[in-house]
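# Results of the structural survey
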Amino acid sequence: MDRVDIKKAKRFNGEFSPTPDKSISHRAVIFASLSKGKSVIKNFLRAEDPVSTISSFRALGIEIDDKEDDVVVHGKGIYGLTEPDNVIDCGNSGTTMRMLSGVLAGNPFFSVLTGDESLRRRPMARVITPLSGMGADIMARSGNRYPPVAITGKKLKPIEYHMPVASAQVKSAVLLAGLYADGETEIVEPAKSRDHTERMLPAFGAVIDIKGLRVRIKGGTELEGREVCVPGDFSSAAFFIVAALLIRHSDITIKEVGINPTRTGLLDALRRMGAGIELSNIRNLSGEPVAYIHCRGVEELKAIDITKEQVPALIDEFPILCVAAAQASGVTTIRGAEELRVKESDRISSMVAGLRKMGAEIEEFKDGLSIKGKSSLKGALVESYGDHRIAMAMTIAGLVADGTTMVNGVSSVNISFPGFFRIISKLSS
Ligand code: S3P
């Protein structure tokens with residue numbers, strides 16, 4: 001049955017490695033597929049989303065071995081893809097669909113991208129607009145708004161594109177399309193989104209120049225295969241960081257977690273709330289900073305305000321931050337977060353519904369919410385809405401609630417974190 005029953009935990013103790021980073025796993029497969037020769041990806045995330053990227057590139061004629069520990073990609077260069085003989089299914093993965101759109105816009109054949117019910121509700125105009133501006137022949141359902149997306153690759157021209165929303169997927173799609181354009185393509189972000197593409201693509205040979213919020217890529221450069229080691233996913237570690245803080249007598253160490261500053265806004269927020277979180281063994285792994293993260297249960301967290309500028313660096317941590325806020329004294333307000341309405345579910349309304357059902361005092365806004373803590377949460381039957389991060393956040397809420405919390409739709413955790421419940425049982429008592 002697709003439901004788990006969660007009871008209050010007394011303590012949360014131990015050491016573990018989180019699953020490999022999802023964003024970096026996607027990029028490693030995409031860039032390796034577009035490179036000439038063999039690439040070896042170590043510590044690849046074998047979860048549904050990055051596996052959708054592997055199957056998409058296989059459908060485009062790339063040989064990818066995934067039998068041993070490593071994933072080995074036999075790339076054929078930027079023009080080495082071949083026309084797929086069927087529609088490409090990107091599953092639940094927005095990253096696969098949006099980044100692939102950028103690649104296919106410059107490849108001279110016809111392709112159609114689709115996905116599951118959730119992905120088919122996610123906005124695609126944000127990639128269609130800049131890619132059309134580069135000369136791509138790309139269209140989508142409902143007036144170019146939703147998948148399926150149909151693309152006939154064309155010779156592209158470079159653009160200077162000022163992105164209306166901070167989105168790493170859009171930035172990456174335009175950068176990848178820029179590889180197929182004559183000249184330099186420039187993107188200007190309204191706020192810094194995750195920069196894994198800018199860090200990894202040059203390692204494969206791309207020429208990228210970064211100045212503040214401007215990123216520029218030179219077209220026509222050939223890429224070459226290489227080795228990539230994927231760090232642990234901060235977004236997966238986040239659920240355990242918050243659980244350890246909220247459960248008294250906890251003491252955990254999470255090993256080899258990516259601490260790229262464009263991803264760790266939750267650490268800054270939790271520290272402002274009064275949490276003492278320590279980092280050690282900081283080192284560089286394939287161009288990304290990684291560390292061990294240590295945290296213990298705290299007496300009390302205090303409420304904070306999160307503003308629009310702070311949202312991109314904690315975008316995927318919104319659900320678990322809401323759980324921390326429900327347990328912090330005072331009113332926590334999160335604004336400027338309307339992007340959350342178009343994630344795997346409408347994450348603002350999903351969290352409002354779940355935490356309210358458990359007794360939290362919440363006010364919902366168009367662009368965020370406010371939560372009055374500290375609530376004594378009570379077990380209830382709550383929904384994941386098919387969204388992996390909602391399923392995991394509600395599970396952590398269940399660990400601090402009185403009684404039993406039943407979370408429906410937990411198979412969605414396999415999108416990013418197979419083994420989530422195994423680690424929960426290993427650490428909790
Ligand atoms: C991702 C970027 C983010 C994030 C998503 C993964 C990526 O979305 O929410 O889970 O791998 O590039 P945006 O494109 O909206 O920044």
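Everything that follows concerns the structure shown earlier in this document.
Being a predicted model, the structure only gives us computed values, none of them experimental.

Let us now look at the pairing of strand β5 (residues 71–76). Two strands pair when backbone bridges link them, and strand β3 (residues 35–42) and β5 are joined in this way by six bridges, in the antiparallel orientation. Opposite Ser 39, over in β5, you have Val 73 as the bridge partner. Relative to β5, strand β4 (residues 63–65) runs antiparallel, the two sharing three bridges. Residue pairing for β5: Asp 65 is matched across the bridge by Val 72. The loop that links β4 with its antiparallel partner β5 comprises five residues.

Now for unusual backbone geometry. A cis amide bond links Pro 147 to the next residue, Pro 148, at an omega of 0°. Within the secondary structure, Pro 148 is located in strand β9 (residues 146–152). In this structure, Lys 374 follows Gly 373 across a cis peptide bond, with omega equal to -5°. In this structure, Lys 374 sits in the loop between β23 (368–373) and β24 (381–383). A positive phi angle, close to 45°, is found at Ser 286, a residue other than glycine. Looking at where Ser 286 falls in the secondary structure, it is placed in the loop between β17 (277–285) and β18 (288–296). Relative accessible area serves as the criterion here: at 31%, Ser 286 is assigned to the partly exposed category. Non-glycine residue Tyr 385 carries a positive phi angle of around 55°. On the basis of relative accessibility, which here comes to 43%, the residue Tyr 385 falls in the partly exposed class.

Right, let's get into the sheet that holds β18. Pairing between the strands of a sheet is mediated by backbone hydrogen bonds and can be parallel or antiparallel. Pairing within the open sheet is mixed, and its four strands lie in the order β2-β16-β18-β17. In this open sheet, the two strands that pair with only one neighbour each are β2 (13–16) and β17. Averaged over all neighbouring strand pairs, the angle between strand axes comes to 15°, with direction disregarded. Pairing of strand β16 (residues 251–258) with β18, which is carried by six bridges, proceeds in the antiparallel orientation. Bridge pairing in β18 places Asp 251 opposite Arg 296. Running at roughly 140° to β2, helix α13 (residues 420–427) makes contact with β2 and β16 of the sheet.

Conventions used here
Residues numbered from 1 in each chain as written. Predicted model: local features only at pLDDT ≥ 70, side-chain atom pairs only at ≥ 80, totals over all residues. Heavy atoms only, no water. Pairing = 2+ DSSP bridges. Helix = DSSP H or I, 4+ residues; strand = E, 2+ residues; numbered from the N terminus. Buried < 20%, exposed > 50% of the residue type's maximum accessible area, 1.4 Å probe, protein only. Axes fitted to C-alpha atoms, helices over the stretch in contact; angles between N-to-C directions. Contact = heavy atoms within 4.5 Å.

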